[in-house]
Amino acid sequence: MMNQPMPTDLSGIKIHFAETMSGFASLGGNSFSEGFEAGRAAGLSLALHVDVDIDDLQAFLANRQHEGRLSGYIEGPLVGGRAQVESGVFMLLPDTADREHKLMIYRVYCRNIGGELFTLAGQKEVQHHAGFDLWHDTTTLHTNLFHGHITPEAAPQAELLASGLLSLGVGDFIGVLRTIRATDAEGTGSLAGLAAFGEFFAGSLWQVYGPALPPRPREAPRPYPRGTLQGVTGASVSHHPFSTGDGLGLALTRFQRGGSDDVVLIIHGLTTSSDMFIMPEHTNLVQYLLDAGYPDVFTLDHRGSNRFPYNLLRDAANLDDLALYDHPAAIATLRKLIGPGKRIHVIAHCVGALTFGMSLFAGQVGGIRSAILNSIALTARVPAYSRFKLGVGPFLCDWVLGVEYLNPRWRHQPAWSAGKLLAMGVDLFHHECDSSACHMLSFMWGAGKPALFKHENMAPETHARLGDLFGGINVNYYRHVLKMVKANHDAVKFTAGHPRYAALPDNYFAQAANMTTPLLLTTGQENGVFADSNIICHQRLERIVPGRHQLHVFPSYGHQDIFMGKQVAADIFPRLLQFLQSHSHD
């Protein structure tokens, strides 16, 4: 951010320019790129024609949001031809929680000639990744379209009408330059105003794309004890160890305020633990469910939990192990604890969702009343960079570095090691924050800076304890995910024909038509780990069993922030609760 004092003669200077962006969007909760491609194939063009007005340049530069007004119209078949802008907001490169990530935000509230209301919400992602990406970033608008006038606060709960990409061509950009005007209070052109606006714009871009040294990673003070239960109040807590068929000790944790015929089991992803659902820095999922009328909530720590040492061993562990051993044993233990006749609902995340879905579709667990699977269910799709890492990462770890696992805390080890050197190398490519644990998690999972979440969605306390909330990972799991990616993105068995896994199908979609448990598949629209896996999974399931399962895409969310973000109690949990309630009670 440019904090230099602005000359007083900028007060009252107005900035005006016009901009036209066009592209394609398609119906449904698609990712932006998928929406663009599907919209282009279907001929669903969409264009945004706006005038941008900044009424007081000095106030604009002083305000961290750098806000202006939008007027004009949107047009295309999705809005019935043309919809006039009734009000609109433009934000030019406001600061975000990332040092090297800025946005250009467009939000317009429109009405077409038939009286239908629409909201177009778009943003340009200004963040340097590789090569000369400045032009693409500053001319590509990631666009969501909603029915009705939807505020930013209501957007995560709203159903997307369409998603896609709009862009500014070279000719359009020249058109923007021709329309830029800076005028003083008397309407006279102001060269000083034009220069100050240009300096702000160029300086902001230099912060993102100019050369810079990485920040010095620091060990953040621990804001909460590891494994704290401070986040859940008004409930008795009990721990219930159990064993799997292949001889591992796992555990369920029960949070109870009373009896209920509807019991909820929550399952974490790989290298996290139950801690991600009981975080004290914001209203967490366990507390939310207890307060919302579900007085009997369990969390599972499976073999992928960082509460256990199993991830830190170099062995042949794969995802079939969780589907065959962990989830059936957990459900059997749960049933013994709650007694007969109770309805079990499952909320699962990441690899916990993938493997529970595998177990459910393979018939290894049954009698589940409903399940919410976040980020990935039975379809594995990853960004291109992630696919590359899945291919080379295990080889490098096993045969070059000689490490048994990847660890987000390596940078802060007291002695030199191959892992610490790797973490220092990763830090060289991540300037977005000063947390080495955050940098390593982006290296370990997905694509992006950061990959797991959007920084602005996370509380500072959460960001400070990433090294506690995430643990190490045995890279053999990567091999199984890659096998799924290569198998037309289907969830498939790691080794077909292996006698140990004879009870599991080679392809977990095989029994999709017979699986009657209703699913809600959820994902963040900006998921940098499993991309649009759940969107594609829902499309496949719709072709097999139309109408049985639901999909919800949360705009402005990524992968992990769906459960760990600071505003999830307002943005995410009400939609999960709605689904639970629709399948609770007889």
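Right, let's walk through the structure included here. (Residues numbered from 1 in each chain as written. Predicted model: local features only at pLDDT ≥ 70, side-chain atom pairs only at ≥ 80, totals over all residues. Heavy atoms only, no water.)

## Topic: the overall build of the protein chain
Each helix and strand counted, the protein chain has 18 helices and 17 strands in total. Principal-axis analysis of the C-alpha atoms gives the protein chain an extent of 80 × 60 × 45 Å. Of all 586 residues assigned to the protein chain, the portion counted as buried reaches 59%. Sequence separation of at least 24 residues holds for 72% of the intrachain contacts in the protein chain that already meet a minimum separation of 6. (Helix = DSSP H or I, 4+ residues; strand = E, 2+ residues; numbered from the N terminus. Buried < 20%, exposed > 50% of the residue type's maximum accessible area, 1.4 Å probe, protein only. Contact = heavy atoms within 4.5 Å.)

## As for the side chain of Arg 411
Structurally, Arg 411 is set in the loop between helix H9 (384–401) and helix H10 (418–427). A polar contact is formed between the side chain of Arg 411 and the side chain of Asp 427, at a distance of 3.0 Å. The residues touching Arg 411, leaving out its near neighbours within four places in the chain, are Pro 217, Lys 420, Ala 423, Met 424, Asp 427 and Ser 436. (Polar contact = N/O pair within 3.5 Å; in protein donor to acceptor, adjacent residues only side chain to side chain.)

## Quick notes on the sheet that holds strand E13 (residues 296–301)
Taken together, the eight strands give an open sheet; going across it, the order is E10-E11-E13-E12-E14-E15-E16-E17, and neighbouring strands pair in mixed fashion. Here the strands that pair on one side only, and so sit at the sheet edges, are strand E10 (236–243) and strand E17 (550–554). For this sheet, the mean inter-axis angle between neighbouring strands, taken without regard to orientation, is 20 degrees. As judged from the six bridges shared by strand E14 (residues 343–349) and strand E15 (residues 368–374), these two strands associate in the parallel manner. Pairing of Ala 348 across the sheet is with Leu 373, part of E15. Of the strands in this sheet, E10, strand E11 (249–256), strand E12 (262–267), E13, E14 and E15 touch helix H7 (residues 319–338), which is tilted by about 40 degrees from E11. (Pairing = 2+ DSSP bridges. Axes fitted to C-alpha atoms, helices over the stretch in contact; angles between N-to-C directions.)

## A short note on the packing of aromatic side chains
Considering all chains together, one arrives at 12 aromatic pairs under this definition. Relative to Trp 410, the ring of Tyr 405 has its centre 6.3 Å away and its plane inclined at 25 degrees; by these criteria the two rings are stacked. Among the aromatic side chains, those forming a connected cluster through ring pairs are Phe 17, Phe 60, Phe 90, Tyr 106, Phe 197 and Phe 200. Cation over ring: Arg 82 sits above Tyr 73, and NZ or CZ is 3.7 Å from the ring centre. Stacked on the ring of Trp 416, the Lys or Arg Lys 420 has its end atom at 5.2 Å from the ring centre. (Phe/Tyr/Trp six-rings, centres within 6.5 Å; stacked < 30°, edge-to-face > 60°. Lys NZ or Arg CZ within 6 Å of the ring centre and 35° of its normal.)

## Describing the pairing of strand E4 (residues 81–92)
Two elements, strand E3 (residues 67–76) and E4, share seven bridges in a ladder whose sense is antiparallel. Paired with Tyr 73 across the strands is Gln 84, a residue of E4. The turn joining E3 and E4, which pair antiparallel and follow one another in sequence, is formed by four residues; a positive phi near 70 degrees is taken by Gly 80.

## Some words on the environment of Phe 90
Along the chain, Phe 90 falls in strand E4. Residue classification places Phe 90 among the buried positions, given a relative accessible area of 1%. Apart from residues lying up to four places away in sequence, Phe 90 is in contact with Phe 17, Val 52, His 66, Glu 67, Gly 68, Leu 70, Ile 105 and Tyr 106.

## Examining unusual backbone geometry
The omega angle of the peptide bond from Lys 449 to Pro 450 is 0 degrees, so this bond is cis rather than trans. In this structure, Pro 450 sits in the loop between helix H11 (436–444) and helix H12 (460–464). The backbone of His 489 shows a phi angle near 70 degrees, a positive value even though the residue is not glycine.

## Some points on the pairing of strand E5 (residues 101–112)
Along E5, 10 of the 12 residues are buried, which leaves the element largely enclosed by surrounding structure. Judged from the 11 bridges that link them, E5 and strand E6 (residues 117–127) form a sheet pairing that is antiparallel. Residue Leu 103 lies in a different strand from E6, and its bridge partner there is Glu 125. A loop of four residues connects E5 with E6, the two strands running antiparallel in sequence, and Gly 115 in this loop sits at a positive phi of about 90 degrees.

## What to know about H9
The largest bend in H9 amounts to roughly 35 degrees and is located at Val 392, with the proline Pro 394 lying one to four residues further along. Among all positions in H9, only Ser 386, Lys 389, Leu 390, Gly 393, Pro 394, Cys 397 and Asp 398 are buried. Of the residues trailing H9, Gly 402 is marked for its positive phi of about 70 degrees. (Bend = angle between axes of the 7 residues up to and from the residue.)

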